[in-house]
Structure formats: C-alpha cells, structure tokens
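Understanding the architecture of this molecule
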Amino acid sequence: MISETTQARFDREVAKYPAEQKQSAVMACLQIVQQEEGFVSAESEKLVADYLGMAPIAVHEVTTFYNMYNQQPVGKYKLNVCTNLPCQLRDGTKALKHLEHKLGIAMGQTTSDGLFTLQQSECLGACADSPVMLVNDIHMCSFMSDDKLDQLIDGLKSAGA
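Since we're looking at a predicted model, the values are computed, not measured.

Turning our attention to a nonpolar patch on the surface. Where nonpolar side chains cluster on the molecular surface, the patch consists of Met27, Phe65 and Tyr66 and spans about 300 Å² of accessible area. Within the secondary structure, Phe65 sits in helix α4 (residues 56–65). A relative accessible area of 62% places Phe65 in the exposed class.

Put into structure tokens, the structure is as follows:
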C-alpha cells in the first residue's frame with residue numbers, strides 16, 4: 001500500500017510527462033521509495049510497477065541496473081569503489097582490498113555497527129582520477145591512496161558516531 005505522502009510525490013513526478021509516458025517516472029519513483037525506506041525492496045518494486053502500469057520485471061531491471069538503488073538495507077555510509085578495467089589498472093582493486101581490510105568486511109557487506117557498506121562500482125566516469133569512489137551516491141573521491149582512504153574512513157567514523 002502506498003502512503004498518501006508517497007502517492008503525492010509519485011503524482012508530482014508522473015505529472016512531468018505526457019499521460020501515455022508515465023512510465024518515464026520510474027527512476028524518480030524508485031528514488032522516492034529509497035528515500036522513504038532506505039532501500040528498494042521487491043515489494044516496493046511491485047508497488048511502483050502497479051502505480052506506473054509496468055511489468056514488475058521492468059521495474060526490477062531498472063533497480064538492478066543502477067548502483068544508486070539499494071536492494072537491501074545499507075550502512076550510513078555507502079562506499080562504491082570503481083573497479084572497472086581503467087580503474088583496476090590504476091589501483092582501484094587495491095583500494096577496494098584496502099577498505100575491506102580496514103573495515104573488516106568483504107565487498108557487498110555492511111559493518112556490524114551499521115556505519116559502512118562497501119560495494120564495487122562498474123564505472124564512475126572519472127578514470128583519470130583513479131582510484132575513485134563515491135560516498136552515498138553523491139560525493140566523488142579521487143586519487144584515493146591508502147592514506148586518503150584511511151583519513152576518509154576515520155573522518156566518517158568520527159562524524160557518524
């Protein structure tokens with residue numbers, strides 16, 4: 001069931017498109033769900049699909065294509081490290097391994113305190129700045145040496161505690 005608040009937000013997004021193209025609001029509706037729930041569940045995908053008149057698999061395809069949609073709860077700080085080939089050649093995989101060791105988790109996991117979720121990213125579009133990572137789908141961090149990674153994690157721990 002969609003709350004009245006969510007319904008109103010969906011309605012505002014759908015209104016931006018011609019009536020026959022309301023499915024164009026799928027990404028905005030998924031973002032709304034994620035803002036409200038913290039992630040996009042299979043149940044939420046079904047609600048969005050029903051609302052927009054789409055097949056549930058079509059909504060799921062959008063959810064799984066983009067890194068910005070969380071399919072399960074994540075930590076306060078979601079860290080996406082680019083491991084695409086150009087970044088691998090410039091220590092992207094090394095940065096991911098360093099973070100796994102520092103945080104004591106494997107890629108795809110969340111720390112026991114709920115602060116950090118570590119993910120790999122296919123491409124962040126900043127190959128020349130590698131290794132690169134994205135914090136909470138907003139803040140791009142470039143040239144992430146082990147020292148810079150340590151400073152970032154320590155700073156986020158201080159801010160998140």
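This part takes up the side chain of Glu45. Mapped onto the elements, Glu45 comes out in helix α3 (residues 42–52). The charged side chain of Glu45 is buried without a salt bridge, its nearest counter-charge being Lys46 at 11 Å.

One open sheet accounts for four strands, arranged β2-β1-β3-β4; its pairing is mixed. Lying at the two open borders of the sheet, with one neighbouring strand each, are β2 (116–121) and β4 (139–141). Each neighbouring strand pair of the sheet contributes to a mean axis angle of 25°, computed without reference to strand direction. Summarising the sheet, strand β1 (residues 77–82) and β2 pair through six bridges and their orientation is parallel. Bridge assignment links Cys82 to a residue of β2, and that residue is Ser121. Across the face of the sheet, helix α7 (residues 146–160) comes into contact with β1, β2, β3 (133–135) and β4 while running at roughly 165° to β1.

One finds Leu79, Phe116 and Met133 to be the most contacted residues of the largest nonpolar core, which totals 19 residues. Counting only elements with at least two residues in this core, the list comes to β1, α6 (92–103), β2, β3 and α7. When sequence neighbours within four positions are dropped, the list of residues in contact with Phe116 reads Gly75, Tyr77, Leu79, Leu103, Ile105, Gln109, Thr110, Thr111, Ile153, Leu156 and Lys157. The next biggest cluster of nonpolar side chains, apart from the first, holds 17 residues, and it includes Ala25, Leu30, Val40 and Met54.

This next bit is on the environment of Thr93. You can see Thr93 is positioned in helix α6. Judged by its relative accessible area of 32%, Thr93 falls in the partly exposed class. The sequence separation of Thr93 and Asn70 amounts to 23 residues, and the corresponding C-alpha distance is 22 Å.

Moving on: unusual backbone geometry. That bond from Ser130 to Pro131 is cis: its omega, -5°, falls within 30 degrees of zero. Tracing the backbone shows Pro131 in the loop between β2 and β3. Despite not being glycine, Asp91 has its phi angle at roughly 75°, a positive value. As for its position among the elements, Asp91 is in the loop between α5 (85–88) and α6. Using a relative accessible area of 43% as the deciding quantity, one classes Asp91 as partly exposed. Within the chain, Asp137 stands out as a residue other than glycine whose phi angle is a positive 60°. You can see Asp137 is positioned in the loop between β3 and β4.

Attention shifts here to the pattern of salt bridges. Enumeration over the complete set of coordinates arrives at eight salt bridges. Put simply, Lys16 and Glu13 hold a salt bridge, and the shortest N to O gap is 3.0 Å. Looking at Lys16, the relative accessible area reads 57%, which means it is exposed. Salt bridges sharing common partners tie together Lys102, Asp150 and Asp154.

The next thing to look at is the pairing of β1. Among the six residues of β1, six are classified as buried, and the element is accordingly described as predominantly covered. Burial of the side chains of β1 extends over both faces: Tyr77, Leu79 and Val81 are buried on one face and Lys78, Asn80 and Cys82 on the other. Pairing between β1 and β3: three bridges, direction antiparallel. Across the sheet, residue Asn80 finds its bridge partner in β3, namely Leu134.

Each value, and the rule that gives it
- Residues numbered from 1 in each chain as written.
- Predicted model: local features only at pLDDT ≥ 70, side-chain atom pairs only at ≥ 80, totals over all residues.
- Heavy atoms only, no water.
- Patch = residues over 30% accessible without salt bridge, like charges linked within 9 Å, V, L, I, M, F, W, Y side chains within 5 Å.
- Areas by Shrake-Rupley, 256 points an atom, 1.4 Å probe, with all protein chains shown as cover.
- Salt bridge = Lys/Arg side-chain N within 4 Å of Asp/Glu carboxyl O.
- Helix = DSSP H or I, 4+ residues; strand = E, 2+ residues; numbered from the N terminus.
- Buried < 20%, exposed > 50% of the residue type's maximum accessible area, 1.4 Å probe, protein only.
- Lys, Arg positive; Asp, Glu negative; His and termini not counted.
- Pairing = 2+ DSSP bridges.
- Axes fitted to C-alpha atoms, helices over the stretch in contact; angles between N-to-C directions.
- Contact = heavy atoms within 4.5 Å.
- Core = buried A, V, L, I, M, F, W, Y, C linked by side-chain atoms within 4.5 Å.

Coordinates in, geometry out; function isn't part of it.
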